[in-house]
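Results of the structural survey
Letter by letter, the chains look like this.
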Amino acid sequence: TWSAVDDCDNATSASQTIMVEDTTAPVLVGVPADVTADCDGNDVPPVATVTATDNCDANVTVTFSESEVAGGCAGSFVITRVWTATDNCGNTTTGVQTISVGDATPPLLVGVPSGVTVECYAVPAPATVTAEDACDDDVDVVFSEQIIPGTCPDAFTIIRTWSAVDDCDNATSASQTI
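Below is a short write-up of the structure. (Residues numbered from 1 in each chain as written. Predicted model: local features only at pLDDT ≥ 70, side-chain atom pairs only at ≥ 80, totals over all residues. Heavy atoms only, no water.)

Section: the packing of aromatic side chains
- The full count for this structure, using the stated rule, is two aromatic pairs.
- When the ring of Phe64 is compared with that of Trp83, the centres are 5.2 Å apart and the planes differ by 45°; the resulting orientation is tilted. In this pair, Phe64 sits in strand S6 (residues 61-70) while Trp83 sits in strand S7 (residues 77-86), placing the two residues 19 residues apart along the sequence.
- Take Phe64: its relative accessible area is 38%, and that puts it in the partly exposed class.
- Look at Phe143 and Trp162: their rings are 5.3 Å apart centre to centre, the planes differ by 45°, and that puts the pair in the tilted class. One end of the pair, Phe143, is in strand S11 (residues 141-149); the other, Trp162, is in strand S12 (residues 156-165), with 19 residues separating them in the sequence.
- Overall, the relative accessible area of 37% leaves Phe143 in the partly exposed class. (Phe/Tyr/Trp six-rings, centres within 6.5 Å; stacked < 30°, edge-to-face > 60°. Helix = DSSP H or I, 4+ residues; strand = E, 2+ residues; numbered from the N terminus. Buried < 20%, exposed > 50% of the residue type's maximum accessible area, 1.4 Å probe, protein only.)

Things to note about the sheet that holds S12
- Across the sheet, which stays open at both edges, the three strands sit in the order S11-S12-S13 with antiparallel pairing between neighbours. A single partner strand is all that each edge strand has here, and the edge strands are S11 and strand S13 (171-177). Taking the axes of each pair of neighbouring strands and ignoring which way they run, one obtains an average angle of 20° across the sheet.
- Bridge analysis of S12 against S13 gives seven bridges, and the strand direction is antiparallel. Its bridge partner lying in S13, Trp162 is registered against Ala174. (Pairing = 2+ DSSP bridges. Axes fitted to C-alpha atoms, helices over the stretch in contact; angles between N-to-C directions.)

Structural notes on the sheet that holds strand S8 (residues 92-102)
- The strand order across the open sheet built from four strands is S4-S8-S7-S6, with neighbouring strands paired in mixed fashion. The sheet is open, and its two edges are formed by strand S4 (35-38) and S6, each paired on a single side. Averaged over all adjacent pairs, the angle separating strand axes in this sheet is 20°, with direction ignored.
- Note: S7 against S8, 10 bridges, orientation antiparallel. Within S8, the position partnered with Val82 by the bridge is Val96.

A few points about a negative patch on the surface
- A grouping of Asp137, Asp138, Asp140, Asp167 and Asp169 is seen on the molecular surface, where their side chains present a negatively charged patch.
- For Asp138, the location among the structural elements is in the loop between strand S10 (130-132) and S11.
- Note on Asp138: relative accessible area 60%, which makes it exposed. (Patch = residues over 30% accessible without salt bridge, like charges linked within 9 Å, V, L, I, M, F, W, Y side chains within 5 Å. Areas by Shrake-Rupley, 256 points an atom, 1.4 Å probe, with all protein chains shown as cover. Salt bridge = Lys/Arg side-chain N within 4 Å of Asp/Glu carboxyl O. Lys, Arg positive; Asp, Glu negative; His and termini not counted. Charge placed at Lys NZ, Arg CZ, Asp CG, Glu CD.)

Points about the side chain of Asp133
- Here Asp133 is to be found in the loop between S10 and S11.
- For the buried Asp133, which has no salt bridge, the nearest side chain bearing the opposite charge is Arg81, at an N-O separation of 22 Å.
- Within polar-contact distance, the side chain of Asp133 engages the backbone nitrogen of Cys135 at 3.0 Å.
- In this structure the side chain of Asp133 is engaged in a polar contact, spanning 2.8 Å, whose partner is the backbone nitrogen of Asp136.
- Filtering out sequence-adjacent residues up to four positions away, Asp133 remains in contact with Asp103, Thr105, Pro106, Pro107, Val139 and Asp166. (Polar contact = N/O pair within 3.5 Å; in protein donor to acceptor, adjacent residues only side chain to side chain. Contact = heavy atoms within 4.5 Å.)

Re the pattern of salt bridges
- All told, the structure shown has two salt bridges when counted by the stated rule.
- Across the pair Glu66 and Arg81 runs a salt bridge whose closest N-O atoms are separated by 2.7 Å. With Glu66 in strand S6 and Arg81 in strand S7, this pair connects stretches of sequence that are 15 residues apart.
- Residue classification places Arg81 among the buried positions, given a relative accessible area of 5%.
- Between Glu145 and Arg160 there is a salt bridge, with its nearest N and O atoms 2.6 Å apart. Of this pair, Glu145 sits in strand S11 while Arg160 is found in strand S12, placing the two residues 15 residues apart along the sequence.

In structure tokens, the structure reads:
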């Protein structure tokens, strides 16, 4: 307020109102990027330390929450990490990291025999092949056999194939030629 009085006691005044507001949200620092991790969870990153800066508040509050939602197959899920910064005027900003955990690796077939050439009908019995998978403890192995005629009645080729599909639809197959 400014006031003026002249020598005859005539007075006048004028005022200026200055409103100071904080309408700018804080800025989060250190929110990690989204990542994909394997189903064993060993490569899920630890929770990051996230801070915040603000144009008016020197001590911004940052809160953290985490949720997990199951995926569509064994060993798959999504972790959502949320950081929220709130300044003392109630302005907020949110940062989110999504970690998709799943199975993108096909099973490993164990015990598939190498190709072999045999005399006449000395064909070996089919091998017992199993499957190992980092995310699915019970992968079924499907066996098939194809016989291809040769140049004479006692000559032919057998192609034995073992296939496995895990719970996340990752597939693998291997063959033996006799």
